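# Chains, contacts and geometry: an overview
For reference, the chains in residue letters:
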Amino acid sequence: MDRALPQPTPETQHFWDGCAAHELRLQRCIACRDSYFPPRPFCPKCGSREVEIYPASGKATLYSYVINHRPRPDMGTEPHSIAVVELAEGPRMMTNIVGCPQTPQALVLDMPLEVTFESFGAITLPLFKPAEAPAR
Amino acid sequence: MTPKSIAIVGAAETTKMGKIPDVSVIGLHADAALNALADAGLKATDIDGVATAGISPVELAHYLGITPTWADGTAVGGCSFMLHVRHAAAAIAEGLCTTVLITHGESGRSRVGAGGFGRSPSSLMGQFEMPFGVTSPPTMFTIPVLRYLKARGYTEEDLAQVAVVQREWAAKNPRASFKDPITIADVLGSPMIAWPFRMLMCCLVTDGGGALILTRADRARDFPQKPVYILGTGESVETPMVSQMEDFTTSRAFRVSGRKAFAEAGVTHADVDHLMIYDAFAHLPLYGLEDLGFCQPGEAAAFVRERHTAPGGKLPVNTNGGGLSYMHSGMYGMYALQESVRQMRGIAPAQIPGAKISVCHGVGGMFAASGTIIFTNEA
Ligand SMILES: [Zn+2]
């Protein structure tokens, strides 16, 4: 069964294009410098339309998660994480943690993570894996 | 709305509850509506305001033969009915209508005449949550919880304790789906759904419905049932995406809605005799106790463990057994409201003797929305 995939809109296309280029693109306000997510063409803090797109560091920490023991048919048959990570730039996003056992012992809150990309046809999803070097 | 200026004069649930394979969604709305009309001694033609969620108020009005001068289709999930009560009170106070019918019906288990559960892949949820395998509430509503447990120093046992206490209340309710006592070990030993949530920490999936009828308090004395007055109301919304909640350890919508309701009611927490906190999952009563101000952050788990919310405790919570043990059709808020009304009428299966003030707090979506209604039986 094919994975449920996003259908980009004009306001989010840059994010998905970035993922396809293996770049995690965030937006920030020119005026208040606040980074935000999910994408939108204005700053949710101050309402300014003067915003810019920039490549994020890809560094994050594990904020919270569940391990789904009843995976959706398109997600395979093994229990898997559904996580929210806190990006180094501030915003949080939902993702899956990959590259480690899908267990409470391996998935420790606040552990350092880094982005990795996985392609599903035309769409590339941003996933996260345990950081290789110790977090600075 | 002036406190006590609007009253509930009709309240009822569907004739059957639990598994109802022979009634469709709109049929459940109608069954609950007819029961509430009978409870109030009214006919459908006496109703001039309608509110509902799940189906449109147009479907409801036409199906029952109502010609309303006011309609509300606010649909923000399970607490929609708290918002309907609040909006109806304001509409009646403003003179937009005189007698409002609010209905809920859901074929959550049998799925008779029910719509699908899905989101457009171009919505924000469809783009930024669905691709990562979220299914239904058990994998979404639960996502903040590991952060919450760590921040508060709570444990899995603390989550399990909530389910254990609510089963004690359910044992007193003949209409509850699950009445047999359970232990913390039973909860932790039940099948894993989405770590750290076991099956007995998640709500039931059943069929059912309920309806309420509201009118001005000065008319309420002419109705057959003991009037239940609305003392204060609150509502708020936060985010459609649980991953974008401002703070995983507290619900902004809960705090805003609760504060508004208490301020309007002009009562303190010590005045409250009975509390309903929508419990789709075992963590919600803990968040609710803290965010409504009944407990300091970090004290809710001990408050439950020390049996303050249990039968015989000083703050009875979810006295019908809750979504965990009584019933949960999908949008449980209506059943919480029904239990508050029963407690205020003095006819609940697990009646709190002498209860005068009941707080009924609902959640919609995954911490997306909230509504709070404070009732009293004193005019
Ligand atoms: Zn700004």
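Everything below is about the structure printed above this text.
Conventions adopted
- Residues numbered from 1 in each chain as written.
- Chains lettered and ligands numbered in written order.
- Predicted model: local features only at pLDDT ≥ 70, side-chain atom pairs only at ≥ 80, totals over all residues.
- Heavy atoms only, no water.
- Helix = DSSP H or I, 4+ residues; strand = E, 2+ residues; numbered from the N terminus.
- Rg over C-alpha atoms; globule rule 2.2 N^0.38 Å.
- Buried < 20%, exposed > 50% of the residue type's maximum accessible area, 1.4 Å probe, protein only.
- Contact = heavy atoms within 4.5 Å.
- Areas by Shrake-Rupley, 256 points an atom, 1.4 Å probe, with all protein chains shown as cover.
- Lys, Arg positive; Asp, Glu negative; His and termini not counted.
- Charge placed at Lys NZ, Arg CZ, Asp CG, Glu CD.
- Pairing = 2+ DSSP bridges.
- Axes fitted to C-alpha atoms, helices over the stretch in contact; angles between N-to-C directions.
- Salt bridge = Lys/Arg side-chain N within 4 Å of Asp/Glu carboxyl O.
- Donors = N, O, S within 2.8 Å, 3.2 Å for Na, K, Ca; no water.
- Tetrahedral: all angles 85-135°; square planar, octahedral: opposite > 155°, others 65-115°.
- Phe/Tyr/Trp six-rings, centres within 6.5 Å; stacked < 30°, edge-to-face > 60°.
- Lys NZ or Arg CZ within 6 Å of the ring centre and 35° of its normal.

Turning next to the overall build of chain A. Check the secondary structure of chain A and you find one helix and eight strands. The C-alpha radius of gyration computed for chain A amounts to 16 Å, which stays within 12% of the reference 14 Å derived for 136 residues, consistent with globular compactness. In terms of principal-axis extent, the alpha carbons of chain A reach across some 45 × 35 × 25 Å. Burial analysis of chain A (136 residues in total) assigns 47% to the buried set. Here the contacts in chain A between residues at least 6 apart in sequence split such that 50% fall between residues at least 24 apart. As presented, chain A carries roughly 6,600 Å² of accessible surface, and 52% of it is formed by carbon and sulfur atoms. Across chain A, the centroid of the 13 positively charged side chains sits 4 Å from that of the 15 negatively charged ones.

With that settled, consider the sheet that holds strand E2 (residues 49-52) of chain B. Strand pairs in the sheet, formed through backbone hydrogen bonds, run parallel or antiparallel to each other. Residue and element names in this part refer to chain B. The sheet built from nine strands is open, its strands ordered E3-E2-E4-E7-E1-E8-E11-E10-E9 with mixed pairing. Where the open sheet ends on each side, the last strands, each with one partner, are strand E3 (70-72) and strand E9 (274-277). Between one strand axis and the next, the sheet turns through 20° on average, direction left out of account. Sheet topology places E9 next to strand E10 (residues 357-364); four bridges connect them, and they run parallel. Directly across from Met276, in E10, lies its bridge partner Cys360.

Attention shifts here to the pattern of salt bridges. All told, the structure shown has 21 salt bridges over all chains when counted by the stated rule. Glu23 of chain A is the partner of Arg25 of chain A in a salt bridge, and the nearest nitrogen-oxygen pair spans 2.9 Å. For Glu23 of chain A, a relative accessible area of 30% translates into the label partly exposed. Between Arg152 of chain B and Glu290 of chain B there is a salt bridge whose closest N-O contact spans 2.8 Å. Of the two residues, Arg152 of chain B is situated in helix H6 (residues 145-152) and Glu290 of chain B in helix H11 (residues 284-291); the sequence distance between them amounts to 138 residues. For the pair Arg152 of chain B and Glu290 of chain B, a shared accessibility class is recorded, and that class is buried. It is possible to trace a salt-bridge network through shared partners that takes in Glu13, Arg175, Glu339 and Arg342 of chain B.

Residue and element names in this part refer to chain A. At this site the zinc ion is bound by Cys29 (SG), Cys32 (SG), Cys43 (SG) and Cys46 (SG), with donor distances of 2.3 to 2.4 Å. Around the zinc ion, the four donor atoms are arranged such that angles at the metal cover 99 to 132°; this shape is classified as tetrahedral. Each donor residue of the zinc ion belongs to the same chain, with the gaps between them written as C-x2-C-x10-C-x2-C. Remark: Cys43 occurs in the loop between strand E2 (35-36) and strand E3 (51-55) and Cys32 occurs in the loop between strand E1 (25-29) and E2; sequence separation between them is 11 residues. Classification of Cys43 by relative accessible area gives buried; the value is 1%.

With that settled, consider unusual backbone geometry. Cis geometry is found at the peptide bond from Phe37 of chain A to Pro38 of chain A, where omega equals -5°. For Pro38 of chain A, the position within the fold is in the loop between E2 and E3. Residue Pro196 of chain B is bonded to the preceding Trp195 of chain B through a cis peptide linkage, with omega at 5°. Positioned with a positive phi, His22 of chain A is a non-glycine residue whose angle comes to about 55°. Checked against the element boundaries, His22 of chain A lands in the loop between helix H1 (13-20) and E1. Positive phi, close to 75°, is recorded for Asp110 of chain A, a residue that is not glycine.

Under the definition given, this model contains 16 aromatic pairs over all chains. Ring geometry for Phe37 of chain A versus Phe128 of chain B: centroids 5.0 Å apart, planes at 75°, classification edge-to-face. Here the residue Phe37 of chain A occupies a position in the loop between E2 and E3, and Phe128 of chain B occupies one in helix H4 (residues 124-128), the pair thus bridging two chains. The exposure classification of Phe37 of chain A matches that of Phe128 of chain B, with both residues buried. Plain terms: the ring middles of Tyr287 of chain B and Phe367 of chain B are 4.8 Å apart, the flat faces sit at 45° to each other, and that makes the pair tilted. Note that Tyr287 of chain B is positioned in helix H11 and Phe367 of chain B in the loop between E10 and strand E11 (369-376), a separation of 80 residues in sequence. The same class applies to Tyr287 of chain B as to Phe367 of chain B, namely buried. Counting every residue linked through ring pairs, the aromatic cluster contains Phe141, Tyr148, Tyr154, Phe197, Phe254, Phe281, Tyr287 and Phe367 of chain B. If you follow Arg28 of chain A out to its NZ or CZ, it ends over the ring of Tyr54 of chain A, 3.7 Å from the centre. Residue placement shows Arg92 of chain A over the ring face of Phe248 of chain B; its charged tip is 5.6 Å from the ring centre.

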